[in-house]
Amino acid sequence: MKLFDTIKAWFIPLPMHSAPRYGRGIHALPNPQEKELFESASEALIHGDILSGYEYFLSSLIHQDSSFPRPHLSIEREEGVLRFSLFQGYALIKGIITPTSLEAYADIALSEKLHVAVKRRFLERNFQLTYCRFSDSEGVIRLSIRLDNATITPQKIFFPLREIALNADFEKEFIASEFDETALLDYDHLRPIDPIKIQRNYEMMQKWLIETKQSLIGLLSNDNTGMASFSYLTLLLQIDYLLLPHKKMAKNISEKINGYFMDDEKLTEDKNADLEKYLNELEAMDIDIFATQFYDSAYTFSPFEQAMHDEIASFIDESLNKVRWYKNNRSNYVIPVIYRYISLYILYNYGLHPSLRALFHLHIEVYAHNFFEGEGEIPLYNPATRTFKQNLIAQRLSEAIEPYMNRYKGLRNFADLIDYTDLDHFSQSFYLQVKNLDYTEL
């Protein structure tokens, strides 16, 4: 059988997994020639072919299989000049490259429509930025950079471009959430979400809120603060990952999650009370307000720094230790919540290899089967029969791991090592295998 599978693989190569359309990472896979294009960029720049070097580098940033209808990055070469434009959420960055310099900018908003406090904020932000600066140019608030190409390298291009893209998006979203969106410039590329999907997501959020409240009845005491914390945080992480809100809703969720982990003198009970209060606000939110918090856009840069796999493995170990503690103390309610929390928190907090991102998304699919069934996908778990779609899960594991095995020689497909006895055994076996994956390049 193995021989047949090997021969079959020669003629029918394994398909690359699709990038999950959820969360705040880029909803597409990296350029398959990213490494080669980056190396070509370095070579061209070393030999003084500046425009070709930039063209190779910018091409390395172009993702494959993006679901957004417009290209997230466009490159146009003319005699002696290279022009480009890229999307990053709310932001449109335009640039021009000559043999001597790169100049790029993002128009943020009309100055006359902004409150003086916002303008003061831009001045303060300039002290926090490394490469780019805010300025007021002919009544337009603009974020811009200029690079000298005398000693340019791909690394010296990447970090300034990433900084201008992420910060232009952040500031425009901040203005849209706190003030009047009509002051903004260059955001016509944003796409509205289908009202049917908005309605479905709103109803799903309300369902999750009610289920979480009901699950904690009788548990909200000082002896169960940890259980309440896991329940509230997991729900907020799930809303953020699966529904992907923007503007004020995204800002509030981020503040609540990050505020919980802040090293301050607040008691856990008080932090839980803050989380519960915000969940009550979400439950009371009108669907018309809810609908304004969503849009679709293209992204060029990930907002996350790439995490080492050791960090991921350490977090999984620490979390599974908590599972064991709750099991030993007969607190079985919180066990599946922690299993859900692990994948959701890792996807929220870490920059992941595309393979790992697909794996953690798979785990979320198993637990959030109702949501994905509503999205028209085949549910991976049936709670009525307590059975898994084993063949489909095995296929998805293969698609997420095997395309990268040539690059990472120690990487192994663990589809045959998953325990499908029940959700508990599934999650235990899944996380133990994921934490032992080897992403070392030989």
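Residues numbered from 1 in each chain as written. Predicted model: local features only at pLDDT ≥ 70, side-chain atom pairs only at ≥ 80, totals over all residues. Heavy atoms only, no water.

Student: Could you clarify how one ought to interpret the overall build of the protein chain in this entry?
Tutor: Across its full length, the protein chain holds 16 helices and 8 strands. For 442 residues, the compact-globule formula gives about 22 Å, and the C-alpha radius of gyration of the protein chain, at 24 Å, lands near that figure. Across its three principal directions, the C-alpha atoms of the protein chain cover 70 × 65 × 40 Å. Sorting the 442 residues of the protein chain into buried and exposed places 49% on the buried side. The long-range fraction of contacts in the protein chain, counting pairs at least 24 apart against all pairs at least 6 apart in sequence, stands at 70%. When the accessible area of the protein chain is evaluated, it comes to approximately 22,300 Å², of which 52% is carbon and sulfur surface. (Helix = DSSP H or I, 4+ residues; strand = E, 2+ residues; numbered from the N terminus. Rg over C-alpha atoms; globule rule 2.2 N^0.38 Å. Buried < 20%, exposed > 50% of the residue type's maximum accessible area, 1.4 Å probe, protein only. Contact = heavy atoms within 4.5 Å. Areas by Shrake-Rupley, 256 points an atom, 1.4 Å probe, with all protein chains shown as cover.)

Student: Would you take a moment to explain the nonpolar core for this structure?
Tutor: A general trend in soluble globular proteins is that nonpolar side chains are found buried together. Membership of the largest hydrophobic core comes to 85 residues, with the highest contact counts inside it found for Met249, Leu282, Leu359 and Phe360. In this view, Phe360 contacts Ile312, Ile316, Ser343, Ile346, Leu347, Leu352, Phe430, Tyr431 and Val434; residues no more than four positions away in its chain are not counted. Formed by 48 residues, the second largest nonpolar core is a distinct cluster that contains Ile26, Leu82, Ile93 and Leu184. (Core = buried A, V, L, I, M, F, W, Y, C linked by side-chain atoms within 4.5 Å.)

Student: Before we go on, may I ask you to explain the pattern of salt bridges in this structure?
Tutor: Where charged atoms of side chains with opposite charge meet at close range, the side chains can pair. This model, assessed by the stated rule, comprises 26 salt bridges. Two residues, Arg407 and Glu441, come together in a salt bridge whose shortest N-O distance is 3.2 Å. Of this pair, Arg407 sits in the loop between helix H15 (390-401) and helix H16 (423-435) while Glu441 sits in the segment after H16, and the two are 34 residues apart along the sequence. Arg407 gets classed as partly exposed once you look at its relative accessible area, which sits at 42%. You can call Glu441 partly exposed: its relative accessible area is 41%. Each member of the salt-bridge network shares a partner with another, and the members are Glu178, Lys248, Lys251 and Glu255. (Salt bridge = Lys/Arg side-chain N within 4 Å of Asp/Glu carboxyl O.)

Student: Honestly, the sheet that holds strand S3 (residues 91-97) in this entry has me stumped. Any pointers?
Tutor: Strand pairs in the sheet, formed through backbone hydrogen bonds, run parallel or antiparallel to each other. Strand order across the open sheet formed by 6 strands is S1-S2-S3-S4-S6-S5, with antiparallel pairing between neighbours. On the outer flanks of this sheet lie strand S1 (73-78) and strand S5 (133-137), each paired with one strand and no other. Going across the sheet, the axis of each strand differs from the next one's by a mean of 25°, ignoring polarity. Inspection of the sheet shows S5 paired to strand S6 (residues 140-148) by 5 bridges, in the antiparallel sense. Bridge pairing in S6 places Ser135 opposite Arg142. Strands S1, strand S2 (81-88), S3, strand S4 (101-110) and S6 of the sheet are contacted by helix H3 (residues 50-60), whose axis makes an angle of about 160° with S1. Of the strands in this sheet, S2, S3, S4, S5 and S6 touch helix H5 (residues 154-178), which is tilted by about 175° from S6. (Pairing = 2+ DSSP bridges. Axes fitted to C-alpha atoms, helices over the stretch in contact; angles between N-to-C directions.)

Student: Is there a simple way to explain the confidence of the model for the protein chain in this structure?
Tutor: For residues with low pLDDT, the predicted coordinates do not support detailed interpretation. Within the protein chain, residue pLDDT values average 92, and 95% of them lie at 70 or more. Predicted confidence is poor over residues 1-13, with pLDDT under 50, and the contacts of this stretch with residues over four places away or in other chains come to 0 contacts. (pLDDT = per-residue confidence, 0-100.)

Student: Honestly, the packing of helix H11 (residues 309-328) against H16 in this entry has me stumped. Any pointers?
Tutor: A packed helix pair is summarised by two numbers, namely the angle formed by the two axes and the spacing between the axes. H16 packs onto H11 with a crossing angle of 150° between their chain directions and a minimal axis gap of 9 Å. Taken together, the axis directions place H11 and H16 in an arrangement best described as roughly antiparallel. When the axes of H11 and H16 are compared, the crossing they make is left-handed. Contacts between H11 and H16 involve His309, Ala313, Ile316, Asp317, Leu320, Val323 and Lys327 from the former and Asp424, Gln428, Tyr431, Leu432, Val434 and Lys435 from the latter. The class makeup of the residues in the contact of H11 with H16 is 7 nonpolar, 2 polar and 4 charged. (Parallel < 35°, antiparallel > 145°, perpendicular 65-115°, else oblique. Left-handed = near helix turned anticlockwise from the far one by under 90°. Nonpolar A, V, L, I, M, F, W, Y, C, P; charged D, E, K, R; others polar.)

Student: I keep staring at the side chain of Glu173 and nothing clicks. Help me out?
Tutor: Counting through the fold element by element, Glu173 comes out in helix H5. Buried within the structure, Glu173 lacks any salt-bridge partner; its nearest side chain of opposite charge belongs to Arg24, at an N-O separation of 5.5 Å. (Lys, Arg positive; Asp, Glu negative; His and termini not counted.)

Student: Before we go on, may I ask you to explain the packing of aromatic side chains in this structure?
Tutor: For any pair of aromatic rings, the description rests on two quantities: the centre-to-centre distance and the angle between the ring planes. A complete count under the given rule lists 32 aromatic pairs for this structure. Between the aromatic rings of Phe430 and Tyr431, the centroid separation amounts to 5.4 Å while the plane-to-plane angle is 75°, which identifies the pairing as edge-to-face. Judged by relative accessible area, Tyr431 falls into the buried class, the value being 0%. Following the ring pairs from residue to residue traces out a cluster consisting of Phe230, Tyr260, Phe261, Phe315, Trp325, Tyr326, Tyr341, Tyr345 and Tyr350. Seen from the ring of Phe174, Arg121 lies directly overhead, with NZ or CZ sitting 3.8 Å from the centre. A cation over a ring is seen here: Arg142 above Tyr105, with NZ or CZ 3.9 Å from the ring centre. (Phe/Tyr/Trp six-rings, centres within 6.5 Å; stacked < 30°, edge-to-face > 60°. Lys NZ or Arg CZ within 6 Å of the ring centre and 35° of its normal.)

Student: I tried to follow the pairing of S2 on my own but got confused; where do I start?
Tutor: The side chains of a regular strand alternate between the sheet's two faces. Taking burial as the measure, the 8 residues of S2 include 6 buried ones, the bulk of the element. Between the end of S1 and the start of S2, which pair antiparallel, lie 2 residues, with Gly80 showing a positive phi angle near 75°. Of the pairings in the sheet, the one linking S2 to S3 comprises 7 bridges and is antiparallel in character. Each bridged residue has a counterpart across the sheet, and for Ser85 the counterpart in S3 is Lys94. Counting the residues that bridge the hairpin from S2 to S3 gives 2 residues, and of these Gly89 lies at a positive phi of roughly 60°.

Student: I keep staring at helix H2 (residues 34-46) and nothing clicks. Help me out?
Tutor: Residue pairs spaced three or four apart in an α-helix point in one direction, given the helix's 3.6 residues per turn. End to end, H2 covers 18 Å across 13 residues, agreeing with the expected 18 Å (1.5 Å per residue, within 8%). Among the residues of H2, Leu37, Ala41, Ala44 and Leu45 are the ones counted as buried. Projected down its long axis, H2 shows its buried positions confined to an angular sector of 95°, all on one face. Of the surrounding secondary structure, the elements contacted by the buried residues of H2 are H3 and H5. Just past H2, the residue Gly48 takes up positive phi, approximately 85°. (Expected span 1.5 Å × (residues − 1). Arc of directions from axis to C-beta.)

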